[in-house]
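Single-letter residue listing:
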Amino acid sequence: MVAARTTDVRGRIILDVDWVPQPGGEAAAAMGCFERLVPLCPGAQGVIYDTALRGVHHQRLLRDLGLLPVNRVTAKVKGADDPRRDEMDQRQEKLVYVETKTLTGPDGTETTVDVYARGGMVGIGRMLDNGDLEFIALPRVRTHRRTNSSGRFRWYNEYALPDWAGGGAVTVRLHGNAEDKQRGFNRTENVRPIAPGDDDFARLYARRNDAESINRHLDDTLWLGRAHSVGHARQHVNLIGFALSVNSVALHEHRRRREQVTAA
């Protein structure tokens, strides 16, 4: 199910539903929903999802659909769910080299900085005295999207550089291109437009909990957790009926709120 909601109680609208025919096919079904919805939802700005969406899906969302994906990067080591486990069992993020940027200072001098990504967060690397690489996350200044004449999109983030690196800002491309493909770098798999650690990530990604709420709401309609009918086609009809009932309540509540505001 794909849904959007307002901040109002019972403000959820289910936009699309689809059947996942085989295990592991969730991401493909979700992408089909997004592609159908984009022409119908011109105000949509992004998609919040879990790590079922990988780099190839992020590329399609960014380049073809113009949507900003918000989710985590698959960890290098997932880590144990028990917080009491040893530190070695905790989640370990991937650290990958992204590119080298050449920056021109106010006086015309050029410097280079190596850009890395760790857990989706963009930063720069600084070599320590012992030879280890220190990753320094960069604060995101803004995210911007440009439209090509072909109707596809280009995405960029601007990041603030520390004073010791020359200050100013550095621009990093978010979508993959032929240059990335040639050197075997999956940019959209490793770089997130709004990554964990970003000031906006926690606020936005928290809305993923609403998806779990939808699933629980549906589960509560199933007597003893059993489907109402046999076969995916019939169950699909049941799910469409569930979506219509949820949407009808949201529409009714919305109209009633508008009437109350008008009356006041």
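My aim in this report is to walk through the structure given alongside it, one point at a time. Keep in mind the model is a prediction, meaning the values are calculated, not measured.

1. As for the overall build of the chain
Consideration 1: Summing up its helical and strand segments, the chain has seven helices and eleven strands in all.
Consideration 2: For the chain, the C-alpha atoms occupy an extent of roughly 65 × 50 × 40 Å along the three principal directions.
Consideration 3: When each of the 264 residues of the chain is scored for burial, the buried share is 35%.
Consideration 4: Carbon together with sulfur atoms contributes 51% to the accessible area of the chain, which is approximately 16,300 Å² in total.

2. Some thoughts on unusual backbone geometry
Consideration 1: The phi dihedral of R10 falls on the positive side, at around 55°, and the residue is not glycine.
Consideration 2: Its place among the elements puts R10 in the loop between β1 (2-5) and β2 (12-16).
Consideration 3: Unlike most non-glycine residues, L224 shows phi in positive territory, near 55°.
Consideration 4: One can find L224 in the loop between α6 (209-220) and α7 (232-263).

3. Some words on the packing of aromatic side chains
Consideration 1: Enumeration over the complete set of coordinates arrives at three aromatic pairs.
Consideration 2: On the numbers, 6.3 Å between centres and 90° between planes, the contact of F34 with Y49 is edge-to-face. Of the two residues, F34 is situated in helix α1 (residues 26-37) and Y49 in the loop between β3 (46-48) and α2 (55-65); the sequence distance between them amounts to 15 residues. For the pair shown, F34 and Y49 are each scored as buried.
Consideration 3: Ring plane angle 75° and centroid distance 5.7 Å describe the contact between Y97 and Y116, whose orientation is recorded as edge-to-face. Remark: Y116 occurs in strand β6 (residues 110-118) and Y97 occurs in strand β5 (residues 95-104); sequence separation between them is 19 residues.
Consideration 4: Among the residues examined, Y97 registers a relative accessible area of 35% and is labelled partly exposed.
Consideration 5: Taking the relative accessible area as the measure of exposure, Y116 reaches 15% and is therefore buried.

4. Focus on the packing of α1 against α2
Consideration 1: Two elements in contact, α1 and α2, have axes whose closest approach is 11 Å; the angle formed by their N-to-C orientations is 10°. Between α1 and α2, the angle falls in the class roughly parallel. Residue-level contacts link A27, M31, F34 and E35 of α1 to H57, R60, L61 and L65 of α2.
Consideration 2: Partitioned by chemical class, the residues of the contact of α1 with α2 number five nonpolar, one polar and two charged.

5. Observations concerning the side chain of R63
Consideration 1: One can find R63 in helix α2.
Consideration 2: In this structure R63 is buried but unpaired, with D64 as the nearest side chain of opposite charge at 6.0 Å.
Consideration 3: Beyond its immediate stretch of four places on either side in the chain, R63 contacts N148, R152, F153, R154, H175 and G176.

6. What to know about the sheet that holds strand β8 (residues 133-137)
Consideration 1: The four strands are arranged β5-β6-β7-β8 in an open sheet whose pairing can be described as antiparallel. Because the sheet does not close on itself, it has two edges, and the strands there are β5 and β8. Mean inter-strand twist for the sheet, computed between neighbouring axes without regard to direction, equals 40°.
Consideration 2: Of the strand pairs in this sheet, strand β7 (residues 121-127) and β8 are connected by five bridges, and their pairing is antiparallel. Counterpart to G125 in the pairing with β8 is F135.

7. So, the sheet that holds strand β9 (residues 140-147)
Backbone-to-backbone hydrogen bonds join strands into a sheet, with any given pair of strands oriented parallel or antiparallel.
Consideration 1: Strands sit in the order β9-β10-β11 across an open sheet of three strands; the sheet is antiparallel. For this open sheet the edge positions go to β9 and β11 (169-173), each flanked by a neighbour on one side alone. Averaged over all pairs of adjacent strands, the angle between their axes in this sheet comes to 25°, without regard to strand direction.
Consideration 2: Relative to strand β10 (residues 153-160), β9 runs antiparallel, the two being bridged by seven bridges. Pairing of T147 across the sheet is with F153, part of β10.

8. Focus on the layout of surface pockets
Consideration 1: Estimates place the volume of the second largest pocket at around 200 Å³.
Consideration 2: Looking at the lining of the second largest pocket, the elements with two or more residues in it are α2, α3 (178-182) and α4 (187-190).
Consideration 3: Of the residues assigned to the lining of the second largest pocket, the class counts are three nonpolar, six polar and three charged.

The rules we used
- Residues numbered from 1 in each chain as written.
- Predicted model: local features only at pLDDT ≥ 70, side-chain atom pairs only at ≥ 80, totals over all residues.
- Heavy atoms only, no water.
- Helix = DSSP H or I, 4+ residues; strand = E, 2+ residues; numbered from the N terminus.
- Buried < 20%, exposed > 50% of the residue type's maximum accessible area, 1.4 Å probe, protein only.
- Areas by Shrake-Rupley, 256 points an atom, 1.4 Å probe, with all protein chains shown as cover.
- Phe/Tyr/Trp six-rings, centres within 6.5 Å; stacked < 30°, edge-to-face > 60°.
- Axes fitted to C-alpha atoms, helices over the stretch in contact; angles between N-to-C directions.
- Parallel < 35°, antiparallel > 145°, perpendicular 65-115°, else oblique.
- Contact = heavy atoms within 4.5 Å.
- Nonpolar A, V, L, I, M, F, W, Y, C, P; charged D, E, K, R; others polar.
- Lys, Arg positive; Asp, Glu negative; His and termini not counted.
- Salt bridge = Lys/Arg side-chain N within 4 Å of Asp/Glu carboxyl O.
- Pairing = 2+ DSSP bridges.
- 1 Å grid on protein atoms, 1.4 Å probe; cavity = no way out; pocket = protein on both sides within 12 Å on 5 of 7 lines; lining within 4 Å.
- Points joined across faces, edges and corners; volume = space filled by probe spheres on them.

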